[in-house]
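Descriptive structure summary
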Amino acid sequence: MKSITFYENKHEDNHLMLCGIYAGKAMKNLCLSVVDALYFLKRLIRRYPFVALFVVVFAAVIFSYVEIGKARAERDKLSHELYVMKQKTEQLENGKNR
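As a starting point, this report considers the structure included with it.

The rules behind these values
Within every chain, residues take consecutive numbers counted from 1 along the sequence as written. Totals for whole chains, interfaces and linings use all residues, but because this is a predicted model, local features are given only for residues with pLDDT of at least 70 and pairs of side-chain atoms are given and counted only at 80 or more. By convention in this description, side-chain values take in all heavy atoms of the structure and omit both hydrogens and water. Under the scheme used here, helices are H or I runs from DSSP no shorter than 4 residues and strands are E runs no shorter than 2 residues, and both carry numbers assigned from the N terminus. Whether a residue is buried, partly exposed or exposed follows from its accessible area with a 1.4 Å probe, protein chains only, as a fraction of its type maximum: under 20%, in between, or over 50%, in that order. All accessible areas in this document rest on Shrake-Rupley with a 1.4 Å probe, and a residue is counted as covered only by the protein chains that are shown. Only four residue types enter the tally: Lys and Arg on the positive side, Asp and Glu on the negative side; His and the chain ends are excluded. Charge coordinates come from a single atom per side chain, which is NZ of Lys, CZ of Arg, CG of Asp or CD of Glu. Note on terminology: pairs of cysteine sulfur atoms within 2.5 Å are recorded as disulfides. Any Lys or Arg side-chain nitrogen located within 4 Å of an Asp or Glu carboxyl oxygen qualifies as a salt bridge. Think of it this way: a Phe, Tyr or Trp ring, Trp meaning its six-membered ring, pairs with another when their centres are within 6.5 Å, and the plane angle makes it stacked under 30 degrees, edge-to-face over 60, tilted otherwise.

1. Describing the overall build of the protein chain
- Scanning the protein chain from N- to C-terminus turns up two helices and zero strands.
- Along the first, second and third principal axes, the C-alpha atoms of the protein chain reach 105 × 50 × 30 Å.
- By the burial criterion, 2% of the 98 residues in the protein chain qualify as buried.
- As displayed, the protein chain offers around 10000 Å² of accessible surface, 65% of which is attributable to carbon and sulfur atoms.
- Taken as two groups, the 16 positive and 10 negative side-chain charges of the protein chain have centres that lie 9 Å from each other.

Below, the structure written as structure tokens:
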């Protein structure tokens, strides 16, 4: 059976330096994965240009429906508030005239 050996870490006392080293390695790997993803998308678009065009148009249509829905909801809310305010002013005017 092999005995367990312990090695002393050369950065043992400086924990901030270890944090910086591993944060740098994590950023490097993140950047490499983004580059790989972009390369994959570039190959995919070159191979299937009509599918890519369809996806872009479909996303644009969905996004526009969402934005139009938000605008309509805002318009309806303001229209309702205006209606309520008109009702209140009519009630106040009817109360003054009596």
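2. Here we look at the state of the cysteines
- Applying the stated criterion across every chain, the model contains zero disulfides.
- Unpaired in this structure, cysteine 31 has its nearest cysteine sulfur neighbour in cysteine 19, at a distance of 17 Å.
- Cysteine 31 sits in the partly exposed class, given a relative accessible area of 45%.

3. A closer look at the pattern of salt bridges
- Tallied over the entire structure, the rule returns two salt bridges.
- Across the pair glutamate 67 and lysine 70 runs a salt bridge whose closest N-O atoms are separated by 3.7 Å. Here glutamate 67 and its partner lysine 70 are both found in helix H2 (residues 49–97), three residues apart, which amounts to about one turn of the helix.
- Owing to a relative accessible area of 35%, glutamate 67 belongs among the partly exposed residues under this scheme.
- Residue arginine 75 is joined to aspartate 76 by a salt bridge in which the shortest nitrogen-to-oxygen separation is 3.3 Å.
- Among the residues examined, aspartate 76 registers a relative accessible area of 44% and is labelled partly exposed.

4. Comments concerning the environment of arginine 47
- Along the chain, arginine 47 turns up in helix H1 (residues 15–47).
- The exposure class of arginine 47 is exposed, given its relative accessible area of 62%.
- Between the C-alpha atoms of arginine 47 and histidine 80, which are 33 residues apart in sequence, the distance is 51 Å.

5. Quick word on the packing of aromatic side chains
- One pass over the structure, following the stated rule, counts one aromatic pair.
- Their ring planes at 20° and their centres at 6.0 Å tell us that phenylalanine 54 and phenylalanine 58 sit as a pair that is stacked. On the criterion of helical spacing, the pair formed by phenylalanine 54 and phenylalanine 58 is a turn pair, its members being four residues apart in helix H2.

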